[in-house]
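Observations on chain architecture
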Amino acid sequence: QVQLVESGGGLVQPGGSLRLSCAYSGSIFSINALGWYRQAPAQQRELVASITSSGRTNYADSVKGRFTISRDIAKNTVYLQMNSLQPEDTAVYYCNVNIYRGSPGGYWGQGTQVTVSS
């Protein structure tokens, strides 16, 4: 029904940058919110950043000032620009879309690995 495909992950050195992309498609008529989550080994999945249909953004305290979430409505894509990456940012990053009248928990992508190491 709804498919999300993340891309842009990889290995970067501390202080480096990456831009993650998430292309979404399917039976999407109206989006309530888009979000990026991450899950590190032995950790619970946590919200990194989200953006609502009105453009309101929210960030985890740990990434404020370093990460920026944005979307291109025409291209059905949401981005996560990550700057000043630190080893603590190492995780699998997942894209999530919550749609009107959709599954309460939203829909998830397959995840993309981000590794920050020297």
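Residues numbered from 1 in each chain as written. Predicted model: local features only at pLDDT ≥ 70, side-chain atom pairs only at ≥ 80, totals over all residues. Heavy atoms only, no water.

1. Observations concerning the sheet that holds strand 3 (residues 18–26)
Here we have four strands laid out as an open sheet, ordered 1-3-8-7, and antiparallel in their pairing. In this open sheet, the two edge strands, each paired with only one partner strand, are strand 1 (2–7) and strand 7 (67–72). With strand direction ignored, the average angle separating the axes of adjacent strands in the sheet is 15°. Relative to strand 3, strand 1 runs antiparallel, the two being bridged by six bridges. Counterpart to Leu-4 in the pairing with strand 3 is Tyr-24. (Pairing = 2+ DSSP bridges. Helix = DSSP H or I, 4+ residues; strand = E, 2+ residues; numbered from the N terminus. Axes fitted to C-alpha atoms, helices over the stretch in contact; angles between N-to-C directions.)

2. Comments concerning the side chain of Thr-77
Structurally, Thr-77 can be placed in strand 8 (residues 77–82). We classify Thr-77 as buried; its relative accessible area is 10%. Of note is the side chain of Thr-77, whose polar atom sits 2.8 Å from the backbone oxygen of Lys-75. Filtering out sequence-adjacent residues up to four positions away, Thr-77 remains in contact with Ser-21, Cys-22, Ala-23, Tyr-24, Ser-70, Arg-71 and Asp-72. (Buried < 20%, exposed > 50% of the residue type's maximum accessible area, 1.4 Å probe, protein only. Polar contact = N/O pair within 3.5 Å; in protein donor to acceptor, adjacent residues only side chain to side chain. Contact = heavy atoms within 4.5 Å.)

3. Brief notes about the packing of aromatic side chains
One pass over the structure, following the stated rule, counts two aromatic pairs. Where Tyr-37 meets Trp-108, the ring centres are 4.9 Å apart and the plane angle is 65°; that geometry is what we call edge-to-face. Residue Tyr-37 is located in strand 4 (residues 31–39), and its partner Trp-108 is located in strand 10 (residues 107–108); the two are separated by 71 residues in the primary sequence. Residue Tyr-37 is classed as partly exposed on the basis of its relative accessible area of 23%. (Phe/Tyr/Trp six-rings, centres within 6.5 Å; stacked < 30°, edge-to-face > 60°.)

4. Looking at the pairing of strand 9 (residues 91–99)
Of all the nine residues making up strand 9, seven are buried; the element is thus mostly covered by neighbouring parts of the structure. In this structure, strand 4 lies alongside strand 9, joined through eight bridges in antiparallel fashion. Bridged to Arg-38 within strand 9 is Tyr-93. Pairing of strand 9 with strand 11 (residues 112–116) involves three bridges; the strand directions are antiparallel. Each bridged residue has a counterpart across the sheet, and for Val-92 the counterpart in strand 11 is Gln-113. Relative to strand 10, strand 9 runs antiparallel, the two being bridged by two bridges. Across the sheet, the residue bridging to Asn-96 is Trp-108, located in strand 10.

5. So, the pattern of salt bridges
Inspection of every chain in the model, using the stated rule, returns four salt bridges. Residue Arg-38 pairs with Glu-46 through a salt bridge whose shortest N-O separation is 2.8 Å. Glu-46 sits in the partly exposed class, given a relative accessible area of 35%. Between Arg-38 and Asp-89 there is a salt bridge, with its nearest N and O atoms 2.9 Å apart. Of this pair, Arg-38 sits in strand 4 while Asp-89 is found in the loop between strand 8 and strand 9, placing the two residues 51 residues apart along the sequence. (Salt bridge = Lys/Arg side-chain N within 4 Å of Asp/Glu carboxyl O.)

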